[in-house]
Amino acid sequence: PNGTYAYFVSISSNGTPTFPYNIGRAFYGNPTGAAATIAETVTTNFLGGANLRETLNAPTKTGSTVVLTWSAVEGGTYRVESTTNLTTWITNATGVAAAQNTGSNTNTSTDTMRFYRVSRTALAAYDGSSGGGGSTVAVPGGSASRGTTVSVTITLPTTPPWPPANAPISSVTLAGTIAGTSITDATQGTVLCTFTIPAGAPTGAQNVVVVFNMGPTYTLTGGLTIN
């Protein structure tokens, strides 16, 4: 600002560092270790909406009643699962709608130990100016129009066996050339990404290909139909 030599650090919505962090390996000048206040008018950009990753809070338990809460995306719908052995998961609730930016579920358990996980299964459609990524579709079986941006929930085939949750993904492509962005796989077997479909994209049922780093490749034949 105003010609001041400055460095910029990427942080997430909760203030923690995130990729690509600092650019470069050296600094010019004398670092003071403190943040400065910018007096001039600045623009603040917020990365959230459909690309915000949810965080499950520590459960609270009263007797046999367990209450779960998590940071949610407004308009999101969630599934709650639990396990006692980290191998076999059961569904406790599905279709749980977020209340603004918070999700919650109350269930009962007499187990001495139980683990929970929450995954987003759907997201209400946003208009183009909201930054929410347009409509939300499921793969396989969903459809989208040319010239739109869609948030996609991809359910992977069961063969080959799924990599663990948060396994690195090298690419997700639609119709061979349309690259997915904002790719996440916080839930095992489910990949979330966003496709910006060009106006001249081919129409009809198109393949969706998910490639994991050092792992399997999944091809969902005709997984998404472009109208």
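Residues numbered from 1 in each chain as written. Predicted model: local features only at pLDDT ≥ 70, side-chain atom pairs only at ≥ 80, totals over all residues. Heavy atoms only, no water.

Asker: Give me empty space enclosed by the protein: which residues, what numbers.
Answerer: Scanning the entire structure with this criterion turns up one cavity of 30 Å³ or more. Considering only enclosed or pocket space, the largest cavity measures out at about 40 Å³ in volume. Taken together, Leu156, Pro163, Pro164, Asp185, Thr187, Gln188, Gly189, Thr190, Val191 and Phe212 form the lining of the largest cavity. Elements represented by at least two residues in the lining of the largest cavity include exactly strand E12 (181–187) and strand E13 (190–196). Looking at the lining of the largest cavity residue by residue, the class counts come to five nonpolar, four polar and one charged. (1 Å grid on protein atoms, 1.4 Å probe; cavity = no way out; pocket = protein on both sides within 12 Å on 5 of 7 lines; lining within 4 Å. Points joined across faces, edges and corners; volume = space filled by probe spheres on them. Helix = DSSP H or I, 4+ residues; strand = E, 2+ residues; numbered from the N terminus. Nonpolar A, V, L, I, M, F, W, Y, C, P; charged D, E, K, R; others polar.)

Asker: Give a description of the pairing of strand E3 (residues 76–83) that names residues and reports values.
Answerer: The element E3 is extensively covered by neighbouring structure, given that six of its eight residues are classed as buried. Where E3 and strand E6 (residues 115–123) come together, eight bridges link them in antiparallel fashion. Bridge pairing links Arg79 to Ser119 in E6. Between E3 and strand E4 (residues 90–97), which pair antiparallel one after the other, the connecting turn spans six residues, and Leu86 there sits at a positive phi close to 60°. (Buried < 20%, exposed > 50% of the residue type's maximum accessible area, 1.4 Å probe, protein only. Pairing = 2+ DSSP bridges.)

Asker: Tell me about the environment of Leu123, residues and numbers included.
Answerer: In this fold, Leu123 is placed in strand E6. For the pair Leu123 and Val137, spaced 14 residues apart in the sequence, the C-alpha separation amounts to 8.7 Å.

Asker: Requested: an account of the nonpolar core, with residues and values cited.
Answerer: By size, the foremost hydrophobic cluster in this structure holds 24 residues, and its most contacted members are Ile154, Val172, Phe195, Ile197 and Val210. When residues of this core are traced back to their parent elements, those giving at least two are strand E7 (135–139), strand E9 (149–155), strand E10 (169–174), E13, strand E14 (204–212) and strand E15 (217–226). If you tally residues by element for this core, the top one is E15, at four residues. In this structure, Ile197 is in contact with Ala144, Ser145, Arg146, Gly147, Thr148, Val150, Leu174, Ile178 and Ile226, ignoring residues within four places of it in sequence. Formed by 11 residues, the second largest nonpolar core is a distinct cluster that contains Val73, Tyr78, Val96 and Leu123. (Core = buried A, V, L, I, M, F, W, Y, C linked by side-chain atoms within 4.5 Å. Contact = heavy atoms within 4.5 Å.)

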